[in-house]
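Report on the structure
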Amino acid sequence: MEKNAKIYVAGHRGMVGSAILRRLEKEGYNNFVTRVSSELDLRNQAAVADFFAAEKPDYVVLAAAKVGGINANNIYRAEFLYDNLMIQNNVIHNSYLNGVKKLLFLGSSCIYPKMAPQPLQENALLTGELESTNEPYAIAKIAGIKMCDAYRSQYGCNYISAMPTNLYGPHDNYDLKNSHVLPALIRKFHEAKLQGAPEVEVWGTGTPRREFLHVDDLAEACYWLLENYNEPGLVNVGTGTDLSIRELAELVQRTVGYEGTIRFNTDYPDGTPRKLMDVSKLAEKGWKATIGLEEGVAAVYAGAFEAVRPA
Ligand SMILES: NC(=O)c1ccc[n+]([C@@H]2O[C@H](COP(=O)([O-])OP(=O)(O)OC[C@H]3O[C@@H](n4cnc5c(N)ncnc54)[C@H](OP(=O)(O)O)[C@@H]3O)[C@@H](O)[C@H]2O)c1
Ligand SMILES: C[C@@H]1O[C@H](OP(=O)(O)OP(=O)(O)OC[C@H]2O[C@@H](n3cnc4c(=O)[nH]c(N)nc43)[C@H](O)[C@@H]2O)[C@@H](O)[C@H](O)[C@@H]1O
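Residues numbered from 1 in each chain as written. Chains lettered and ligands numbered in written order. Predicted model: local features only at pLDDT ≥ 70, side-chain atom pairs only at ≥ 80, totals over all residues. Heavy atoms only, no water.

**Topic: the side chain of Glu 122**
Positionally, Glu 122 belongs in the loop between strand E4 (102-106) and helix H5 (135-155). We note that Glu 122 is buried and unpaired, the nearest opposite charge coming from Lys 281 at a distance of 4.9 Å. A distance of 2.9 Å separates a polar side-chain atom of Glu 122 from the backbone nitrogen of Asn 236. Here Glu 122 is in contact with Tyr 112, Leu 234, Val 235, Asn 236, Asp 278 and Lys 281, once residues within four sequence places are set aside. (Helix = DSSP H or I, 4+ residues; strand = E, 2+ residues; numbered from the N terminus. Buried < 20%, exposed > 50% of the residue type's maximum accessible area, 1.4 Å probe, protein only. Lys, Arg positive; Asp, Glu negative; His and termini not counted. Salt bridge = Lys/Arg side-chain N within 4 Å of Asp/Glu carboxyl O. Polar contact = N/O pair within 3.5 Å; in protein donor to acceptor, adjacent residues only side chain to side chain. Contact = heavy atoms within 4.5 Å.)

Rendered as structure tokens:
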């Protein structure tokens, strides 16, 4: 990308968008256009059309989305489908109408079938049933991938799709009802330690396995993709290693220094048993994650994670 190119980072205030913005600023890019959702609701087709016509960005990072953990996905099924479809359709279509040179779309590892062979390869997409708890969100993300490819096929748009695994890092969401597991556990153990609580509740059985990538590693991968990757289809972005939720809880317990007990509440769903991604496609092109989980969680905790965001 040209150093003076105008880059629109949609969702720049979120965990991923802010990490990508930090990475691009570090590289010397300084011609950004951003909007918070109260200024520009990306579900609003007319507002997005006016925004793109006025700003005409050269590049777009689409990191705006309705995002949440297993509980939020399972409860707000309509919002996860509607919001994400509207955001994607409006940003991708108006990028095309306004001649955006390249767009990076962010999907998620939940797009793969619940029981697909592990580690998950990109060609597993649409080969089986999805996990029910986040099917609406996954369907929206799959639509985004297919839309990028359809606009490449019909209009020659260079729109690429990256599939990150579960992420964590600065500006994560710590709302205990709607967040992902890692920020939730960091907050739960932290508050239990402060309050001297005898136990911490962990959802599910503790047996599912998850892969966790620090968001600064993701931002590095996204920068590489923006500079070097111009192919249709999708590319997994992860660490290539996973652990059980029980092991994760014990890791966070050690990091926080909490000495009480862990209680598993199976009233909550486990979700997908495992979703370890095959990261060889990006590894063959020279990118690998560098931040280990123990180190990353310690850094997040030491950063005295931000106040809980409004629900
Ligand atoms: N977190 C993960 O574990 C994870 C894993 C895989 C993939 N991803 C993907 O990464 C991307 C970003 O996720 P994240 O974790 O950074 O989420 P996040 O912290 O919740 O940030 C989402 C951003 O989207 C913006 N947004 C939401 N609805 C909007 C609307 N109607 N109009 C305009 N902006 C809107 C928000 O803007 P405001 O702040 O201005 O309200 C927010 O900054 C998403 O595509 C997500 O699917 C995330
Ligand atoms: C990357 C994201 O993965 C998401 O799936 P997924 O990893 O199961 O979403 P998480 O909410 O991170 O849950 C991962 C696992 O951690 C368990 N878990 C244990 N304690 C907690 C807790 O306190 N909070 C939460 N949230 N989970 C907890 C949860 O039951 C599940 O088995 C998708 O729903 C999203 O759409 C997105 O794709």
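**Side note on the site of ligand 2**
Around ligand 2, a shell composed of 22 residues is seen, among which Ile 70, Ser 108, Lys 188, Pro 269 and Asp 270 lie nearest. Between ligand 2 and the protein, one listed contact pairs an oxygen atom with a side-chain N or O atom of Lys 188 at 2.8 Å. Lys 275 has a polar side-chain atom sitting 2.9 Å from an oxygen atom of ligand 2. Here ligand 2 has 700 Å² of accessible area as a free molecule, and 98% of this is covered by the chains. Of the residues in the shell around ligand 2, the class split is 10 nonpolar, 8 polar and 4 charged. (Near = heavy atom within 4 Å. Areas by Shrake-Rupley, 256 points an atom, 1.4 Å probe, with all protein chains shown as cover. Nonpolar A, V, L, I, M, F, W, Y, C, P; charged D, E, K, R; others polar.)

**A closer look at the confidence of the model for the chain**
Summary statistics for the chain give a mean pLDDT of 96 and a share of 97% for residues scoring 70 or more. Low pLDDT (under 50) marks residues 306-311, which in the prediction has 14 contacts with non-local residues, meaning those over four places away or in another chain. The ipTM, which scores confidence in the relative placement of chains, is 0.99 for this predicted complex, and the corresponding pTM is 0.97. (pLDDT = per-residue confidence, 0-100.)

**Describing the UniProt feature "binding site: substrate" (unreviewed entry) in the chain**
This chain's UniProt record puts "binding site: substrate" (unreviewed entry) on Lys 188, Trp 203, Arg 210 and Asp 270. Relative to the elements of secondary structure, Lys 188 occurs in helix H6 (residues 181-195). Among all residues touching Lys 188, those that are not within four sequence positions of it are Leu 176, Val 200, Glu 201 and Trp 203. Mapped onto the fold, Asp 270 is located in the loop between strand E12 (261-265) and helix H9 (280-283). Overall, Asp 270 belongs to the partly exposed group, its relative accessible area being 26%. Setting aside chain neighbours within four positions, we find Asp 270 in contact with Ile 70, Gly 204, Thr 205, Gly 206, Thr 207, Pro 208 and Arg 210. (UniProt positions renumbered as here; feature names shortened; annotations may be inferred.)

**Side note on the UniProt feature "domain: NAD-dependent epimerase/dehydratase" (unreviewed entry) in the chain**
If you check UniProt for "domain: NAD-dependent epimerase/dehydratase" (unreviewed entry), the listed places come out as residues 7-238 in our numbering. In this annotation, residues 7-238 is assigned 43% helix and 16% strand; the end-to-end C-alpha distance for the span is 25 Å.

**What to know about unusual backbone geometry**
Negative phi is the rule for most residues except glycine; trans is the rule for most peptide bonds. With an omega of -5 degrees, the peptide bond running from Gln 118 to Pro 119 counts as cis. Residue position: Pro 119 is located in the loop between E4 and H5. We note that Lys 56 has phi near 40 degrees; this positive angle belongs to a residue other than glycine. Backbone geometry at Leu 126 places phi at a positive 65 degrees, although glycine is not the residue there. Structurally, Leu 126 can be placed in the loop between E4 and H5.

**Let's talk about the site of ligand 1**
Taken together, 27 residues surround ligand 1, and among them Val 16, Ser 37, Leu 42, Tyr 137 and Lys 141 come closest. In the environment of ligand 1, an oxygen atom lies 3.0 Å from a nitrogen or oxygen atom belonging to the backbone of Gly 14. At a separation of 3.0 Å, an oxygen atom of ligand 1 approaches a polar backbone atom of Met 15. Notes on ligand 1: free accessible area 900 Å², of which the protein chains cover 88%. Contributions of two or more residues to the shell around ligand 1 are made by helix H1 (15-26), H5 and strand E6 (166-168). Grouping the constituent residues of the shell around ligand 1 by class yields 14 nonpolar, 8 polar and 5 charged.

**A few points about the environment of Gly 257**
Along the chain, Gly 257 turns up in the loop between helix H8 (245-256) and E12. Residues Gly 257 and Lys 193, 64 residues apart in the sequence, show an inter-C-alpha distance of 7.6 Å.

**A closer look at the sheet that holds strand E10 (residues 234-237)**
Pairing is parallel in the open sheet, where 6 strands are placed in the order E2-E1-E3-E4-E5-E10. The open sheet has two free edges, formed respectively by strand E2 (32-33) and E10, since each of these has just one partner strand. Packing against the sheet, helix H4 (residues 77-97) makes contact with strand E3 (59-62), E4 and strand E5 (159-164), and its axis sits at approximately 170 degrees to E3. (Pairing = 2+ DSSP bridges. Axes fitted to C-alpha atoms, helices over the stretch in contact; angles between N-to-C directions.)

**A few points about the nonpolar core**
The biggest cluster of nonpolar side chains holds 39 residues, and the ones touching the most others in it are Tyr 8, Leu 42 and Tyr 112. Residue assignment for this core shows that the elements contributing at least two residues are strand E1 (7-10), helix H2 (45-55), E3, H4, E4, H5 and E5. For this core, the element with the highest residue contribution is H5, accounting for 7 residues. The contacts of Leu 42, once residues within four sequence positions are left out, are Tyr 8, Ala 10, Val 48, Ala 64, Met 86, Ile 87, Asn 90 and Val 91. (Core = buried A, V, L, I, M, F, W, Y, C linked by side-chain atoms within 4.5 Å.)

**Overview of the state of the cysteines**
With the rule as written, the count across this model stands at 0 disulfides. Cys 148 supplies the cysteine sulfur nearest to Cys 157, a cysteine that is in no disulfide, at a spacing of 9.0 Å. Classification of Cys 157 as buried rests on a relative accessible area of 8%. In this model Cys 222 remains outside any disulfide bridge; the closest cysteine sulfur is found in Cys 148, 13 Å from its own. Cys 222 sits in the buried class, given a relative accessible area of 0%. (Disulfide = S-S within 2.5 Å.)

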